[in-house]
Amino acid sequence: RILLKRMEDWAEEHNEGWYPDWGDGDEIKYFIIYDNRYETLKVDYYSRIKPFSKLPYFKTEEIAEQFIEEFGEEIKEVLC
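So, how was this worked out
- Residues numbered from 1 in each chain as written.
- Predicted model: local features only at pLDDT ≥ 70, side-chain atom pairs only at ≥ 80, totals over all residues.
- Heavy atoms only, no water.
- Helix = DSSP H or I, 4+ residues; strand = E, 2+ residues; numbered from the N terminus.
- Rg over C-alpha atoms; globule rule 2.2 N^0.38 Å.
- Pairing = 2+ DSSP bridges.

A. View of the overall build of the chain. If you tally the helices and strands in the chain, you get two helices and two strands. Secondary structure elements of the chain occur, N-terminal to C-terminal, as α-β-β-α. Here the C-alpha radius of gyration of the chain, 12 Å, is about what a compact globule of 80 residues would show, namely 12 Å. Along the first, second and third principal axes, the C-alpha atoms of the chain reach 35 × 30 × 20 Å.

B. Layout of the pairing of strand 2 (residues 40–46). In terms of strand pairing, strand 1 (residues 29–35) meets strand 2 through seven bridges, oriented antiparallel. Across the sheet, F31 pairs through a bridge with D44, a residue of strand 2. Between strand 1 and strand 2, which pair antiparallel one after the other, the connecting turn spans four residues, and E39 there sits at a positive phi close to 50°.

Okay, structure coming up:
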């Protein structure tokens, strides 16, 4: 839970107040996925579907990439 809270706080700060608007099908929402084949984290996106995820969503791909750099190893260790 401590890791999830740290990640939520980081995302809130870096998203600068942005929260995904799931009612807006044109808005792109970026999130993190784990690729089992390559054992790596990647950025993916949706606009109309809200996938279930314990990880936060991001307003840009760049922020999502920074998130992987910051938390990637911990995410793989704890959540994968």
